[in-house]
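Here is how the chains run, residue by residue.
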Amino acid sequence: MQICCLDLEGVLLPEIWIAVAEHFHNDDLRLTTRDISDYDQLMQHRLKVLRKNRIRLADIQGVIAGMQPLPGAKAFLDDLRAHFPVVVLLSDTYYEFAMPLIRKLGNPTLLCNWLTVSRTGYISGYVLRQPDGKRKAVKAFKGIGFGVVAAGDSYNDLSMLRTADRGVLFNPPDAIVKRYPAFPVARDYPTLGRLLKQ
Ligand SMILES: [Mg+2]
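Residues numbered from 1 in each chain as written. Predicted model: local features only at pLDDT ≥ 70, side-chain atom pairs only at ≥ 80, totals over all residues. Heavy atoms only, no water.

## Description of the overall build of the protein
Where we set the bar: The helix count covers DSSP runs of H or I at least four residues long, the strand count covers runs of E at least two residues long, and both are numbered beginning at the N terminus. Contacts were defined at the residue level, with two residues in contact if any of their heavy atoms lie within 4.5 Å. Here the open area of atoms and residues is found with the Shrake-Rupley method and a 1.4 Å probe, where only the protein chains shown may cover a residue. The charge count includes Lys and Arg as positive and Asp and Glu as negative, but it does not include His or the ends of the chains. Every charge is mapped to an atom, namely NZ of Lys, CZ of Arg, CG of Asp or CD of Glu.
From N to C terminus, the protein includes 9 helices and 7 strands. Residue pairs in contact within the protein that sit at least 24 positions apart in sequence constitute 56% of those at least 6 positions apart. A total accessible area of about 9700 Å² is found for the protein, and carbon and sulfur atoms account for 52% of it. Here the protein contributes 26 positive and 20 negative side-chain charges, whose respective centroids are spaced 3 Å apart.

Structure follows, in structure tokens:
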């Protein structure tokens, strides 16, 4: 019996930070782990930029409220949830950001992180549930007797994909495809569904 684990942003949703950066016309918020590889450094940078520009959590949530899942994502997820007994979304995002979009996806199970917020409504920090949480979730599911198939789009998914019994890349950057040719690659939902269900 297999559990299906999916990354969220880049697989079912657009990148939230990119949408926020575009909304506020702020290129400082566009940086990702590809620009600053240390996640804590990247987050501290983002929090500083938000505060400097007086952008509160509620402002970001307002932007996210206007976002939609990627075209076809909900139907794709519905199909997977009908096929696998358990589908879990494993993400590095925060519940405070993701929940409105999770509702638009039909309330699938999401394991991610959370934010701390100051009394004035600014994001003051974040709580990483555990380091390398995606990989550890897959390992834990295997530890309670399930097989695991997984899909993700980026560097932060590689350890999860390696730990799964089958890992699939979805619309990854070319550099990842070149460097990690062992992973099958899907560029659309029908192909991804087929590779996960194999
Ligand atoms: Mg992603």
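From this point, the narrative continues.
## Observations regarding the pattern of salt bridges
To keep things clear, this is the line we draw: For salt bridges, the criterion is a side-chain nitrogen of Lys or Arg within 4 Å of an Asp or Glu carboxyl oxygen. Residue burial is assigned from relative accessible area. The probe radius is 1.4 Å, only protein chains are included, and a residue is buried under 20% of its type maximum, exposed over 50%, and partly exposed in between.
The full count for this structure, using the stated rule, is 8 salt bridges. Put simply, R30 and D27 hold a salt bridge, and the shortest N to O gap is 3.8 Å. When its relative accessible area of 33% is taken as the criterion, R30 is described as partly exposed. In this structure D27 comes out as exposed when scored by relative accessible area, which is 59%. Across the pair K142 and D165 runs a salt bridge whose closest N-O atoms are separated by 3.6 Å. Remark: D165 occurs in the loop between α7 (158–163) and β6 (166–170) and K142 occurs in helix α6 (residues 133–143); sequence separation between them is 23 residues. Bridged by salt links that share partners, the residues D7, K134 and D157 form one connected network.

## A word on the UniProt feature "binding site: Mg(2+)" (unreviewed entry) in the protein
Filter applied, for reference: UniProt positions are given in the numbering used here, feature names are shortened, and annotations may be inferred rather than shown by experiment. Pairs of N or O atoms are called polar contacts if they sit within 3.5 Å, as long as, within protein, a hydrogen donor faces a hydrogen acceptor (for residues adjacent in sequence, only side-chain-to-side-chain pairs).
When the UniProt feature table is mapped to this numbering, "binding site: Mg(2+)" (unreviewed entry) covers D7, E9 and D153. The largest pairwise C-alpha distance within this set of annotated residues, which runs over 147 residues, is 8.2 Å, so the set is compact in three dimensions. Along the chain, D7 turns up in the loop between β1 (2–6) and α1 (16–23). With sequence-adjacent residues up to four places away left out, D7 is seen in contact with L12, L90, K134, A151, G152, D153, D157 and M160. Within the local environment of D7, its side chain forms a polar contact with the side chain of K134, the two groups lying 2.9 Å apart. By the secondary structure assignment, D153 is in the loop between β5 (147–152) and α7. Residue classification places D153 among the buried residues on the basis of a relative accessible area of 7%.

## What to know about the nonpolar core
In plain terms, the rule: Note on terminology: a nonpolar core comprises buried Ala, Val, Leu, Ile, Met, Phe, Trp, Tyr and Cys residues joined through side-chain atoms within 4.5 Å.
The biggest cluster of nonpolar side chains holds 49 residues, and the ones touching the most others in it are L6, L8, L12, F97, L192 and L196. If we ignore the near neighbours within four places in the chain, the residues touching F97 are I16, W17, L57, I60, I64, L115 and I123. Core analysis: the next-biggest nonpolar cluster, separate from the first, contains 17 residues, I3, L90, A164 and F183 among them.

## Things to note about helix α4 (residues 73–83)
Worth spelling out the cut-off: It is the directions from the helix axis to the C-beta atoms whose arc is reported.
Here α4 has its buried residues at A73, F76, L77 and L80. One side of α4 holds all its buried residues, which, seen down the axis, span an arc of 95°. Exposed and facing more than 90 degrees away from the buried side of α4 are A75 and A82. Buried positions along α4 lie against β1, β2 (86–94) and α9 (189–197).

## Things to note about the UniProt feature "binding site: substrate" (unreviewed entry) in the protein
Per the UniProt record, the feature "binding site: substrate" (unreviewed entry) sits at E15, R46, S91, D92, K134 and N156. For S91, the position within the fold is in strand β2. Not counting the four nearest positions on each side in its chain, S91 is found in contact with L8, E9, L110, L111, C112, N113 and K134. Within polar-contact distance, the side chain of S91 engages the backbone nitrogen of T93 at 3.0 Å. N156 sits in the partly exposed class, given a relative accessible area of 33%. Discounting chain neighbours no more than four positions away, the residues touching N156 are D92 and K134. Reaching out from N156, the side chain makes a polar contact with the side chain of D92 at a distance of 2.7 Å.

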